[in-house]
Amino acid sequence: DAGVIQSPRHEVTEMGQEVTLRCKPISGHDYLFWYRQTMMRGLELLIYFNNNVPIDDSGMPEDRFSAKMPNASFSTLKIQPSEPRDSAVYFCASSLASRETQYFGPGTRLLVL
Amino acid sequence: QKEVEQNSGPLSVPEGAIASLNCTYSDRGSQSFFWYRQYSGKSPELIMFIYSNGDKEDGRFTAQLNKASQYVSLLIRDSQPSDSATYLCAVDGGATNKLIFGTGTLLAVQP
């Protein structure tokens, strides 16, 4: 398997623009997680899905953030409008079951100017 | 109180020494414990997981779990410069289906 795939790998945008991050989980994994990592706050869970259904979005910082999983092989995280404080590395991870090993994608490095 | 705590380091050890990384957690209901390694600019990758009290060994790595004291540790024997990275401890969130990550310990192995 190719592992978790994320795109784009790097994104530079201007404040106020819409940003869409994409993730393809490992085939057969029922859980998908979106994380954000910064130096100040470390690795934060934003939202996770089980069988394409959002289960816990308590980590989503505000209404500017939204996530969808229309099918088992694709998820998006959208920021609209983006702000400089959203600059971070965004990771997608997937796992076979809850409380089991999560496999991380390469991340998307987002810079909002 | 943070749910998963780690010393941020940096922890500096000479090449060939044993590196000891520690992690404490707050939820007594946690059942699964993980150690991830993250090189600068890369994504976290799993080193080991442990579910039962005691030690679990895999090559140069040993994970130790003590549920009564609510700590989990990672020992790296014969440390190599290539082990220099940030080590993240992750603990399942008890009644939830998510992992709680510590902020990581930066390990520097000096040649």
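Scroll up to find the structure.
Residues numbered from 1 in each chain as written. Chains lettered and ligands numbered in written order. Predicted model: local features only at pLDDT ≥ 70, side-chain atom pairs only at ≥ 80, totals over all residues. Heavy atoms only, no water.

### What to know about the sheet that holds strand β8 (residues 74-79) of chain A
Residue and element names in this part refer to chain A. Sheet architecture is open: four strands sit in the order β1-β3-β8-β7, paired in antiparallel fashion. The open sheet has two edge strands with one neighbour each: β1 (5-7) and β7 (65-71). In this sheet, neighbouring strand axes are inclined to one another by 15° on average, regardless of whether the strands run parallel or antiparallel. As paired strands, β7 and β8 are joined by five bridges and run antiparallel to one another. (Pairing = 2+ DSSP bridges. Helix = DSSP H or I, 4+ residues; strand = E, 2+ residues; numbered from the N terminus. Axes fitted to C-alpha atoms, helices over the stretch in contact; angles between N-to-C directions.)

### Structural notes on the packing of aromatic side chains
In total, this model carries 15 aromatic pairs over all chains according to the counting rule given. Over the aromatic face of B:Phe49 sits the side chain of B:Lys56, whose NZ or CZ is 3.6 Å from the ring centroid. (Phe/Tyr/Trp six-rings, centres within 6.5 Å; stacked < 30°, edge-to-face > 60°. Lys NZ or Arg CZ within 6 Å of the ring centre and 35° of its normal.)

### Considering unusual backbone geometry
Cis peptide bonds are those with omega within 30 degrees of zero, and the linkage from A:Ser7 to A:Pro8 qualifies with -10°. Secondary-structure assignment places A:Pro8 in the loop between β1 and β2 (10-13). Positive phi values are uncommon outside glycine, yet B:Gln70 reaches one of about 60°. As for its position among the elements, B:Gln70 is in the loop between β7 (61-66) and β8 (71-76).

### Focus on the side chain of B:Thr62
Residues and elements named next belong to chain B. With respect to the helices and strands, Thr 62 occurs in strand β7. Given a relative accessible area of 5%, Thr 62 falls into the buried group. Here Arg 77 takes part through its side chain, which lies 2.6 Å from a polar atom of the side chain of Thr 62. Here Thr 62 is in contact with Met 48, Asp 55, Lys 56, Glu 57, Ser 73, Leu 74, Leu 75 and Arg 77, once residues within four sequence places are set aside. (Buried < 20%, exposed > 50% of the residue type's maximum accessible area, 1.4 Å probe, protein only. Polar contact = N/O pair within 3.5 Å; in protein donor to acceptor, adjacent residues only side chain to side chain. Contact = heavy atoms within 4.5 Å.)

### A short note on the pairing of β8(A)
Residue and element names in this part refer to chain A. In terms of strand pairing, strand β3 (residues 19-24) meets β8 through five bridges, oriented antiparallel. Considered in β8, the bridge of Thr 20 is made with Lys 78. Two successive antiparallel strands, β7 and β8, enclose a turn made up of two residues.

### What about the sheet that holds strand β6 (residues 54-58) of chain B?
Residue and element names in this part refer to chain B. In space, the five strands of this open sheet follow the order β1-β3-β8-β7-β6, with antiparallel pairing throughout. The sheet terminates laterally at β1 (4-6) and β6, the two strands that pair on one side only. Averaged over all neighbouring strand pairs, the angle between strand axes comes to 20°, with direction disregarded. Of the strand pairs in this sheet, strand β3 (residues 19-25) and β8 are connected by six bridges, and their pairing is antiparallel. In the strand pairing of β8, Leu 21 is matched with Leu 74.

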